[in-house]
Structures are given as structure tokens and as C-alpha cells.
Amino acid sequence: MHSEKIVHQVVAPPPVHFVGDGFRVHSFISPSGSPIRSQDMNPIIMFDYNSRHYFGPSEVKRGVGVHPHRGFETVTIAYEGQISHHDSSGGGGTIGQGDVQWMTAASGVLHKEYHSEAFTRTGGYFQMVQLWVNLPAEFKMSPPKYQGILRAEMAHIPVGSSEVELIAGEFGDQHGPASTFSPVHLSNAYLNGDPVAYAFPDGFRIGVLAVRGDAVVNGTPLPQDHLAVLSESGNEFTLSAEGESTVLVFGGVDLKEPIAPYGPFVMNTTEELHQAIQDYNAGKFGVLAD
Ligand code: MN
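Since we're looking at a predicted model, the values are computed, not measured.

> Teacher, can you tell me more about the layout of surface pockets here?
To find leftover empty space, one rolls a probe the size of a water molecule over the atoms. The space that makes up the largest pocket amounts to roughly 310 Å³. Every residue lining the largest pocket is counted, 17 residues in all, and those nearest its centre are Val19, Met46, Asp48, Gln130 and Trp132. Of all the secondary-structure elements, those providing two or more residues to the lining of the largest pocket are strand E2 (17-19), strand E3 (23-30), strand E5 (44-55), strand E6 (63-69) and strand E12 (124-134). Taken together, the residues of the lining of the largest pocket sort by class into nine nonpolar, six polar and two charged.

> Mind showing me how you'd approach the nonpolar core here?
General note: in soluble globular proteins, nonpolar side chains tend to be found buried as a group. Ranked by internal contacts, the top residues of the largest apolar core, which has 29 residues, are Phe47, Trp102, Leu186, Leu248 and Phe250. Beyond its immediate chain neighbours, meaning those up to four positions away, Phe250 contacts Ile29, Met41, Ile44, Phe47, Leu131, His185, Leu186, Arg205, Ile206, Gly207, Val208 and Leu227. Core analysis: the second largest hydrophobic core is formed by 26 residues, Phe171, Ala189, Phe200 and Leu222 among them.

> So what exactly am I meant to see when it comes to the pairing of E6 here?
Regular strands place their side chains on alternate faces of the sheet. Burial analysis of E6 places five of its seven residues in the buried class, which makes it a mostly covered element. The pairing of E6 with strand E11 (residues 109-115) spans five bridges and is classified as antiparallel. Directly across from His67, in E11, lies its bridge partner His111.

> I would appreciate a short explanation of the environment of Val229 in the present structure.
Within the secondary structure, Val229 sits in strand E23 (residues 227-230). Residue classification places Val229 among the buried positions, given a relative accessible area of 8%. Taking the C-alpha atoms as reference points, Val229 and Ile149, 80 residues apart in sequence, are found 26 Å from one another. Not counting the four nearest positions on each side in its chain, Val229 is found in contact with Ile6, Val7, His8, Gln9, Ile36, Met41 and Ile206.

> Help me understand the sheet that holds E11, please; the structure alone is not making it clear to me.
Paired through their backbone hydrogen bonds, the strands of a sheet run either parallel or antiparallel. Pairing in this open sheet of four strands is antiparallel, and the strands run E6-E11-E8-E9 from one edge to the other. Here the strands that pair on one side only, and so sit at the sheet edges, are E6 and strand E9 (92-95). Shown here is a sheet whose adjacent strand axes are inclined to one another by a mean of 15°, direction ignored.

> How should I be thinking about the pattern of salt bridges in this particular structure?
A pair can form between side chains of opposite charge whenever their charged atoms are brought close. Enumeration over the complete set of coordinates arrives at eight salt bridges. Measuring nitrogen to oxygen at the nearest pair gives 2.8 Å for the salt bridge that ties Arg151 to Glu165. Taken as a pair, Arg151 in the loop between strand E13 (145-149) and strand E14 (155-159) and Glu165 in strand E15 (residues 162-168) lie far apart in primary sequence, 14 residues in all. Arg151 sits in the partly exposed class, given a relative accessible area of 29%.

> Can you walk me through the side chain of Asp48 in this structure?
As for its placement among the helices and strands, Asp48 is situated in strand E5. Buried and without a salt bridge, Asp48 has Arg24 as its closest oppositely charged side chain, separated by 12 Å. Engagement of the side chain of Asp48 in a polar contact is seen with the side chain of Ser27, the distance being 2.6 Å. Setting aside anything within four residues of it in sequence, one finds Asp48 in contact with Val19, Val25, His26, Ser27, Met128, Val129 and Gln130.

Analysis parameters
- Residues numbered from 1 in each chain as written.
- Predicted model: local features only at pLDDT ≥ 70, side-chain atom pairs only at ≥ 80, totals over all residues.
- Heavy atoms only, no water.
- 1 Å grid on protein atoms, 1.4 Å probe; cavity = no way out; pocket = protein on both sides within 12 Å on 5 of 7 lines; lining within 4 Å.
- Points joined across faces, edges and corners; volume = space filled by probe spheres on them.
- Helix = DSSP H or I, 4+ residues; strand = E, 2+ residues; numbered from the N terminus.
- Nonpolar A, V, L, I, M, F, W, Y, C, P; charged D, E, K, R; others polar.
- Core = buried A, V, L, I, M, F, W, Y, C linked by side-chain atoms within 4.5 Å.
- Buried < 20%, exposed > 50% of the residue type's maximum accessible area, 1.4 Å probe, protein only.
- Contact = heavy atoms within 4.5 Å.
- Pairing = 2+ DSSP bridges.
- Axes fitted to C-alpha atoms, helices over the stretch in contact; angles between N-to-C directions.
- Salt bridge = Lys/Arg side-chain N within 4 Å of Asp/Glu carboxyl O.
- Lys, Arg positive; Asp, Glu negative; His and termini not counted.
- Polar contact = N/O pair within 3.5 Å; in protein donor to acceptor, adjacent residues only side chain to side chain.

Next up, the structure:
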């Protein structure tokens, strides 16, 4: 059966706020429910977008200091600039243009996220996405893990004059390099003339962000920096653009489990949240220097 996914909503970038002093983000998906509710896009339960922004040169490190996470994965895509990360389970590294950090917090880590030293010194244009991928209940307390995924390791699939860069999930018979705990898709479509048709099995919840340039999703215009939410029903949609555009396609299959969020913790029940806070206060998330 071939049926089209419908564009439910085209969401303009919400007003920016700063996360620490390094990430100037539009929060599209958040547990607070504005503008898109975590429950409606689960397993993608948070989506912060730092639209292209110039940061001047600085001697002082910019970013977010040491903080905990439990119950999900933080996935960061660098479109411009460089981002460094370190966590208490020993994961860490610096990613540059097109690279991805895939950090599985699971049972708990402390981490810090900031502009790389080199990028801070020179300053420059900065553009990134961070999304939180929820974990199924059975994996929320599994050991932490870190995947640094370089752009060169991703599957690059030509579609006529355009290209799909696959980070996680499937496109045609290709598989992205990221390992996931439930069906998750993450890819960039580099549109350059020919349209790109995506096809998903039943039940995928998909969002589409116009990262560079305007695009068109199944006939609906998607201006730059806007996010389209597609219907869960249907299997297919087509991306196109007048000129060159970059479009991020993300989503997954609903975990159909309750979501209990509290700041940096996302569990299934209030009791588990209390436990997370207790464990954090007891130092069970490890040690990480500032
Ligand atoms: Mn974090």
C-alpha cells in the first residue's frame, strides 16, 4: 500500500532563548508542550534548534557546564562551528561541520557541552540541532554509551542530483551508522534539483526542518528555519526545493509508554523521577570536573 503522509503543521521558529551561554535555541519540541508536545513526537521528546548565528571571538569558554541526564539520549548535529562534549562515563570529543554526537545517558551521566576551544577563539557562524531520543522503559537504566559519528562515516545516497545523508535508520536498502534502541530515523536531504522521496513503514512520526534554504514537503512550502510535522498515518512524502536546500528529517515510532519529565531527567513515572533526583544527589551519576 502506498499512501502519502500529510503535513499536519508548519511551525515557525519560536522566540530564541539561551541554553548556558553557548546555545541560542528555538525549542520546537519540549515537555512543556510549546509549540509541539513531547508526547506527540515521542520518541523525539525534545528538539532545540540553534539557527545560524554569529558568535564573536572569545577567550572564555562558551556552553553549558556540568549537568546530569537520565532516561534518554542526547543527539547533537553540528551544521556550522564546533562542539565539544565530555561525560562522566568517559565519552567525549569534538564534532565539526556535519558530524553528530550521539550520547546515550540511559542510567545516568554528568556531562558538559560547549563550543570547541578553537572555535571559541576564532568565533564564527554557529548552527546546530540537539534532539532528545527517548529510551524504551526496558533500556532507561542500561549503561551509558557514546557514539561520535563523523560525516564521512554516514551513508551518502545519491538521488539524482540530490543526496540523502543517513545518520540513523534506513533509506532504501541503506542503513545509517548510529545504533538505536527503538526504530529511529535521522537524515539530511541535500536538495539540488531532483526531488527526494522518503518511504517509511507504518507508524513513523516524522518531523522535517528546513536547515538551509526553503523547501517544499508534499506540495506544502517549508520556509527556512521552519519545522513541519507530518501525519503518523501514511508512508511516503517528497521533499523538493527551487534551489539548493538542506533539510533535516527526523522521527521514530511511538514508544506508547508514559512520559515523566523533570528538567534533565525523562522517566516513565514520578517515582522514577524521585529516584533519579535522589541518585543524582547521592553522587551516583559519577564525577566530572568543570
Ligand atoms: Mn545536556
